Amino acid sequence: MILVRTRDALAGAMSTLRASGATALVPTMGFLHEGHLSLVDRARELADRAVVSIFVNPLQFGPAEDLATYPRDEARDLSLLEARGADLVFVPAIEEMYPSGEPAVTVSPGRLEDRLCGRYRPGHFSGVLTVVAKLFGLVRPDVAVFGRKDFQQAVLIRRMVQDLNLGVRVETGPIVREPDGLAMSSRNAYLSDGERAQAVGLSRALLLALGRFHEGESGATALLEAVKDELARFPLLRLQYAELVDPEGLDSVDPAESGSVLALAAFCGTTRLIDNVELS
Ligand code: PAF
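Residues numbered from 1 in each chain as written. Predicted model: local features only at pLDDT ≥ 70, side-chain atom pairs only at ≥ 80, totals over all residues. Heavy atoms only, no water.

Caption draft 1: Region of the structure containing the sheet that holds strand 4 (residues 88-90). Taken together, the 6 strands give an open sheet; going across it, the order is 1-4-3-2-5-6, and neighbouring strands pair in parallel fashion. The two strands at the open ends of the sheet, each matched to only one other strand, are strand 1 (2-4) and strand 6 (169-173). Averaged over all neighbouring strand pairs, the angle between strand axes comes to 25°, with direction disregarded. Two strands pair when backbone bridges link them, and strand 5 (residues 143-147) and strand 6 are joined in this way by 5 bridges, in the parallel orientation. Across the sheet, the residue bridging to Ala 144 is Val 170, located in strand 6. With respect to the sheet, helix 1 (residues 7-19) is in contact with strand 1, strand 2 (23-28), strand 3 (49-54) and strand 4, its orientation differing from that of strand 4 by roughly 155°. Of the strands in this sheet, strand 1, strand 3 and strand 4 touch helix 3 (residues 74-84), which is tilted by about 170° from strand 3. (Pairing = 2+ DSSP bridges. Helix = DSSP H or I, 4+ residues; strand = E, 2+ residues; numbered from the N terminus. Axes fitted to C-alpha atoms, helices over the stretch in contact; angles between N-to-C directions. Contact = heavy atoms within 4.5 Å.)

Right, here's the structure in full:
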């Protein structure tokens, strides 16, 4: 596995890799878990070479968010990636990604920012799209793979590629869950034992609503009430939003249809967690 930290080294290594076939990129912020590693597996299925980036992108954190405390463990990440068969890992410093400081030109998510998480995290998705566009420009992958847990992020990246003709195929990998159902996330590391025990409420609430949908309930109010009632059983959880949306435009839907997505964000103590389920 090749490790590069600079754009120049990346350009050199990529021209060699590209000569040996199609390349797939898995952008990450590190502190890897099985969810990330499953995306590396997917990248290896989709292309001849798997490239992973590890960069905690300051542009996508709000002023009151956890940039300073975001969990990091580069040595562990690198050994996990090596064991999983990644071909190249790009670990740039901030100055390497943003040599002139904060970029003057950024990518705007447009009206899709007013939905779901975007409503509560102003600037977040512009930061995500900007760094992903930069990574696409630097790596020039054939395919890029993102996790479905970050549902709105995946929708926006797909849309950016389409609207800006970036020429990268965007693929998503399924949400990987802990045995009790909690969606894997680097931020789960913030949870105390008591919080961790209650964080399972998010997936339970979604699964309960999915069950109701399978039983024939499609009314948005009934499904969202089922989510709220279930979450209310977990006193450490504070719902930020639960919405039923169409999977492309992210507009609210009522009644739910097959393919609609039920997405939510909740604080567990001070940790903000997200999860979603496709009603199918
Ligand atoms: O999903 C993430 O970890 C980040 O938002 C991403 C896509 C790596 C951009 O910084």
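Caption draft 2: Spatial organisation of helix 6 (residues 124-139). Along its 16 residues, helix 6 runs 22 Å from first to last C-alpha, staying within 8% of the 22 Å computed at 1.5 Å per residue. All of the buried residues along helix 6 are His 124, Phe 125, Ser 126, Gly 127, Val 128, Leu 129, Thr 130, Val 131, Val 132, Leu 135, Phe 136 and Val 139. Note on helix 6: the residue one or two positions beyond its end, Arg 140, has a positive phi of about 50°. (Expected span 1.5 Å × (residues − 1). Buried < 20%, exposed > 50% of the residue type's maximum accessible area, 1.4 Å probe, protein only.)

Caption draft 3: Representation of the environment of Glu 230. Note on placement: Glu 230 falls in helix 9 (residues 220-231). Distance from Glu 230 to Ala 209, taken between C-alpha atoms, is 9.2 Å for residues 21 residues apart in sequence. Contacts of Glu 230, omitting those with residues within four sequence positions, involve Arg 204, Ala 205 and Leu 208.

Caption draft 4: Fine view of the site of the ligand. The local shell around the ligand consists of Pro 27, Thr 28, Met 29, Asn 57, Gln 60, Val 128, Val 131, Phe 146, Asp 150 and Gln 153. Residue Gln 60 places a side-chain N or O atom 2.6 Å away from an oxygen atom belonging to the ligand. A distance of 2.7 Å separates an oxygen atom of the ligand from a polar atom in the side chain of Gln 153. Elements represented by at least two residues in the shell around the ligand include exactly strand 2 and helix 6. (Near = heavy atom within 4 Å. Polar contact = N/O pair within 3.5 Å; in protein donor to acceptor, adjacent residues only side chain to side chain.)

Caption draft 5: The arrangement of the nonpolar core in detail. Membership of the largest hydrophobic core comes to 42 residues, with the highest contact counts inside it found for Leu 88, Val 132, Phe 136 and Ile 157. For this core, the secondary-structure elements that each account for two or more residues are helix 1, strand 4, helix 5 (116-120), helix 6, strand 5, helix 7 (151-163), strand 7 (237-245) and strand 8 (261-268). Among the elements that take part in this core, helix 6 stands out by supplying 8 residues, more than any other. Beyond its immediate sequence surroundings of up to four residues, Ile 157 is in contact with Val 128, Leu 129, Val 132, Phe 136, Phe 146 and Val 170. Counting residues in hydrophobic clusters, the runner-up holds 28 residues, among them Leu 191, Ala 199, Leu 202 and Ala 209. (Core = buried A, V, L, I, M, F, W, Y, C linked by side-chain atoms within 4.5 Å.)

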